[in-house]
Amino acid sequence: MAKVIVDAQAARAIGKGAMIVFKKGVVRTEGEIRPGDIAEVYTRGGKFLGRGFINPNSNIMVRLITQDEHTEVNKELFRERIMRANEYRKKVLGYDKAYRMVYGEADYLPGLIVDRFNEIASVQISSIGMERFKLDVAEAIMEAEPEIETVFEKNTGRSRRREGLPEIERVLLGKEKYRTIIEEGKAKFIVDMRGQKTGFFLDQRENRIALEKYVKPGMRVLDVFTYTGGFAIHAAVAGADEVVAVDKSPWAINMVKENAKLNGVDDRMKYVVGSAFQVMEDMIKRGEKFDVVILDPPAFVQHEKDLKRGLRAYFNVNYAGMQLVKEGGVLVTASCSQHVDMQAFKDMVIAAAAKAGKFLRLLEPYRTQAPDHPILMASKDTEYLKALFLYVEDIK
């Protein structure tokens, strides 16, 4: 088995619970190294630190699975970890039919995401090592939750390409099923496996539900980057007179229309297909105003080197959003960029407010991802979503 010797900084991080070894922390390797193999990690002094998947072609050199020298990496280990992760969601957090069942390193299963939508489990693998075990993983998922009839592999995106893995979308195990309907608070949503990511963005669940208390009859609401209408549908269900849903994807907007009909709110919805920046600019020129504006864009910062450019994009979106909020209205703004921490996000929002001539009050505690996307305290990589609920006034 190959060995990876790491420097003191990497060793300290692992000692505190980190599950990732970056290439920059590797001093040297010993033995034959093939992408996806199991490797052992040691300090310079020969102390065992952990065992995990290695990929010399990736910036993440090793994804640790265990720090116990006696634990073997096999199907039984995956079965036990998936079972434990599922029990945590159901018994501790109280989730039932729609939740993130496995969240990578936070569940000691690096490179594996599993979202459950009723009888369908959507699997996303971003590690070449985990790819080798995906059938074992699928079987373990169905053992852990007998109600699951379909395991769908939603293996697409940048993380797959970075690992040198092909992009695949198909039923991996079980029945050929692609759609189901989930409940979220007072709203219902169609989940289609042929959409983005794992089919539906569960991480904003609590934030979408929290939105409802700020929406009242008579209000006009704007949901930018709506995707399948998560925030928009909750706003309509809460009683808004008009909800405008904006997305550049015709497929996504068609899903919003289906979800609106499902919830009986299609008579109060308006749909716009187009670039968010252009649509918002046009609305500003027309003098449009909304009681509530929601900004939930995709990750503008994919890599640390893109931070400055990405923050500029967030600034532009928030500056436009603040111009569209009525005096005394509510702005809900979010970022799912892992490389943008909460302080940087706050600073950007403050700068946008200053330029827009707005005075902001924080309505909710700083919000993050739903707890079924657990944040591993020692791993900054597991904390990515930021959301602010803001009361917006003109500077007097």
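Residues numbered from 1 in each chain as written. Predicted model: local features only at pLDDT ≥ 70, side-chain atom pairs only at ≥ 80, totals over all residues. Heavy atoms only, no water.

- For the protein, an unreviewed UniProt entry supplies the name Class I SAM-dependent rRNA methyltransferase and the organism Thermococcus indicus.
- Regarding the protein, the relevant UniProt record gives this comment under Subcellular location (unreviewed entry): "Cytoplasm". (UniProt positions renumbered as here; feature names shortened; annotations may be inferred.)

## What about helix α7 (residues 230-237)?
Line of reasoning, step 1. Of all 8 residues in α7, 7 are buried; the element is thus mostly enclosed.
Line of reasoning, step 2. Burial in α7 covers these residues: Gly230, Phe231, Ala232, Ile233, His234, Ala235 and Ala236.
Line of reasoning, step 3. In the segment just after α7, Gly239 is the residue with positive phi, at about 115 degrees. (Buried < 20%, exposed > 50% of the residue type's maximum accessible area, 1.4 Å probe, protein only. Helix = DSSP H or I, 4+ residues; strand = E, 2+ residues; numbered from the N terminus.)

## Re helix α1 (residues 8-15)
Line of reasoning, step 1. Those residues of α1 that sit buried are Ala10, Ala11 and Ile14. An end-on view of α1 places all buried positions within 100 degrees of arc, on one side of the element. Turned more than 90 degrees away from the buried face of α1, the exposed residues are Gln9, Arg12 and Gly15.
Line of reasoning, step 2. One side-chain oxygen of the residue at the start of α1 lies 3.3 Å from the amide nitrogen of Gln9, identifying that residue as Asp7.
Line of reasoning, step 3. A positive backbone phi angle near 115 degrees is found at Gly17, which sits one or two residues after α1. (Arc of directions from axis to C-beta. Polar contact = N/O pair within 3.5 Å; in protein donor to acceptor, adjacent residues only side chain to side chain.)

## Observations regarding the UniProt feature "domain: PUA" (unreviewed entry) in the protein
Line of reasoning, step 1. Under the feature "domain: PUA" (unreviewed entry), the UniProt entry names residues 2-87.
Line of reasoning, step 2. The annotated region residues 2-87 carries 24% helix and 37% strand content, and the separation between its end C-alpha atoms amounts to 34 Å.

## What to know about the environment of Pro146
Line of reasoning, step 1. With respect to the helices and strands, Pro146 occurs in the loop between α4 (134-144) and β10 (150-155).
Line of reasoning, step 2. Note on Pro146: relative accessible area 65%, which makes it exposed.
Line of reasoning, step 3. The spacing of Pro146 and Glu119 is 27 residues in sequence and 8.9 Å in space, taken between C-alpha atoms.

## Considerations on the environment of Thr71
Line of reasoning, step 1. Tracing the backbone shows Thr71 in the loop between β6 (60-66) and α2 (75-92).
Line of reasoning, step 2. Spatially, the C-alpha atom of Thr71 lies 9.6 Å from that of Gly50, the residues being 21 residues apart in sequence.
Line of reasoning, step 3. The contact partners of Thr71, leaving out residues within four places of it in the chain, are Arg51, Thr66 and Leu77.
Line of reasoning, step 4. For Thr71, the side chain forms a polar contact with the side chain of Asp68, separated by 3.1 Å. (Contact = heavy atoms within 4.5 Å.)

## A look at unusual backbone geometry
Line of reasoning, step 1. The phi dihedral of Tyr108 falls on the positive side, at around 60 degrees, and the residue is not glycine.
Line of reasoning, step 2. Relative to the assigned elements, Tyr108 resides in the loop between β7 (98-103) and β8 (112-117).
Line of reasoning, step 3. Judged by its relative accessible area of 36%, Tyr108 is partly exposed.
Line of reasoning, step 4. Positive phi, normally seen in glycine, also occurs at Tyr227, with a value near 55 degrees.

## Here's the deal with the sheet that holds β8
Line of reasoning, step 1. Pairing in this open sheet of 5 strands is mixed, and the strands run β7-β8-β9-β10-β11 from one edge to the other. Two strands lie at the open edges of the sheet, namely β7 and β11 (168-174), each paired on one side alone. Strand after strand, the sheet turns through a mean of 20 degrees between neighbouring axes, direction not considered.
Line of reasoning, step 2. Here β7 runs beside β8; their pairing, made up of 5 bridges, is antiparallel. Paired with Val102 across the strands is Val114, a residue of β8. (Pairing = 2+ DSSP bridges. Axes fitted to C-alpha atoms, helices over the stretch in contact; angles between N-to-C directions.)

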